[in-house]
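So the chains spell out like this:
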Amino acid sequence: MLSLTRAKLISVISWAIVVFFQSMALFFPVRGLPVPLKIVITVILLATVVAIIYTTLGSKVEKPDERAAQNNYKANSMLYDGFFLIFAIFVLLSSRLNIQAVSLSRSEIILLFAVLNLLHDGIFLLYERFGR
């Protein structure tokens, strides 16, 4: 059986890999890469997806206790507060910067999703290790 902390650590590493490769894909053309490198990256990402699915849905991961559930709640709360603060700053500055709409591409949404999951699991691990 995999401990909850170890499962979250595997999840953090997996989401960090996704964030790294997605960030690279946003700034460097993927189509120009050599085929062997594309295959290696694909295998790494497939293994990462399997790890994320296993740690998220796996029945071999221990169930969270009361402290873990509270730390999960704290991590969610901290992410919500941070996201709310970012949106509030955007609303306040958007009129000065003359920004009327924000458009996100599919790649940027994937990156945002991966960053949010990475932050959630990372904050959870910090609360588990150093929590009050």
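Note: the structure precedes this text.
Our subject in this report is the structure included herewith.

Parameters and conventions
- Residues numbered from 1 in each chain as written.
- Predicted model: local features only at pLDDT ≥ 70, side-chain atom pairs only at ≥ 80, totals over all residues.
- Heavy atoms only, no water.
- Helix = DSSP H or I, 4+ residues; strand = E, 2+ residues; numbered from the N terminus.
- Rg over C-alpha atoms; globule rule 2.2 N^0.38 Å.
- Buried < 20%, exposed > 50% of the residue type's maximum accessible area, 1.4 Å probe, protein only.
- Contact = heavy atoms within 4.5 Å.
- Areas by Shrake-Rupley, 256 points an atom, 1.4 Å probe, with all protein chains shown as cover.
- Lys, Arg positive; Asp, Glu negative; His and termini not counted.
- Charge placed at Lys NZ, Arg CZ, Asp CG, Glu CD.
- Salt bridge = Lys/Arg side-chain N within 4 Å of Asp/Glu carboxyl O.
- Phe/Tyr/Trp six-rings, centres within 6.5 Å; stacked < 30°, edge-to-face > 60°.
- Lys NZ or Arg CZ within 6 Å of the ring centre and 35° of its normal.
- Axes fitted to C-alpha atoms, helices over the stretch in contact; angles between N-to-C directions.
- Left-handed = near helix turned anticlockwise from the far one by under 90°.
- Nonpolar A, V, L, I, M, F, W, Y, C, P; charged D, E, K, R; others polar.
- Expected span 1.5 Å × (residues − 1).

### A word on the overall build of the chain
Consideration 1: Counting its secondary structure elements, the chain contains four helices and zero strands.
Consideration 2: For the chain, whose C-alpha radius of gyration is 18 Å, the value lies well above the compact-globule estimate of 14 Å for 132 residues.
Consideration 3: A principal-axis box enclosing the C-alpha atoms of the chain has dimensions of 50 × 45 × 20 Å.
Consideration 4: Every one of the 132 residues in the chain was classed for burial, and the buried ones make up 25%.
Consideration 5: Once local pairs closer than 6 in sequence are excluded, the contacts in the chain between residues at least 24 apart make up 88%.
Consideration 6: As presented, the chain carries roughly 9800 Å² of accessible surface, and 69% of it is formed by carbon and sulfur atoms.
Consideration 7: Side-chain charges in the chain split into 12 positive and 7 negative, and the spacing between the mean points of these groups amounts to 8 Å.

### Regarding the pattern of salt bridges
Consideration 1: With the rule as written, the count across this model stands at one salt bridge.
Consideration 2: A salt bridge links Asp121 to Lys8; its shortest N-O distance comes to 3.1 Å. Remark: Lys8 occurs in helix α1 (residues 4-27) and Asp121 occurs in helix α4 (residues 106-130); sequence separation between them is 113 residues. Considered together, Asp121 and Lys8 belong to a single accessibility category, that of buried residues.

### A closer look at the packing of aromatic side chains
Consideration 1: Within the structure shown, the criterion is met by four aromatic pairs.
Consideration 2: Seen in terms of ring centroids, Phe20 and Phe21 are 5.3 Å apart; in terms of plane orientation they differ by 70 degrees. Their pairing is edge-to-face.
Consideration 3: Arranged with centres 5.0 Å apart and planes meeting at 90 degrees, the rings of Phe83 and Phe87 form a pair that is edge-to-face. Here Phe83 pairs with Phe87, and both are found in helix α3 (residues 66-97), just four residues apart, close to one helical turn.
Consideration 4: Its end group placed over the ring of Phe124, Lys8 keeps NZ or CZ at 5.1 Å from the ring centre.

### Things to note about the packing of α1 against helix α2 (residues 35-57)
Consideration 1: The interhelical angle for the contact between α1 and α2, taken along N-to-C directions, is 145 degrees, at an axis separation of 9 Å. Considering only the axes of α1 and α2, their crossing is left-handed. Residue-level contacts link Ala7, Ile10, Ser11, Ser14, Trp15, Ile17, Val18 and Phe21 of α1 to Ile41, Ile44, Leu45, Thr48, Ala51, Ile52 and Thr55 of α2.
Consideration 2: Taken together, the residues of the contact of α1 with α2 break down into eleven nonpolar, four polar and no charged.

### Regarding the side chain of Thr48
Consideration 1: With respect to the element layout, Thr48 can be found in helix α2.
Consideration 2: For Thr48, a relative accessible area of 4% gives the class buried.
Consideration 3: Filtering out sequence-adjacent residues up to four positions away, Thr48 remains in contact with Ser14, Ile17 and Val18.

### Focus: α2
Consideration 1: The first and last C-alpha atoms of α2 sit 32 Å apart over 23 residues, in line with the 33 Å expected at 1.5 Å per residue.
Consideration 2: Turning to α2, the residues buried within the fold contact α1.

### Description of the environment of Asp65
Consideration 1: Mapped onto the fold, Asp65 is located in the loop between α2 and α3.
Consideration 2: For Asp65, a relative accessible area of 47% corresponds to the partly exposed category.

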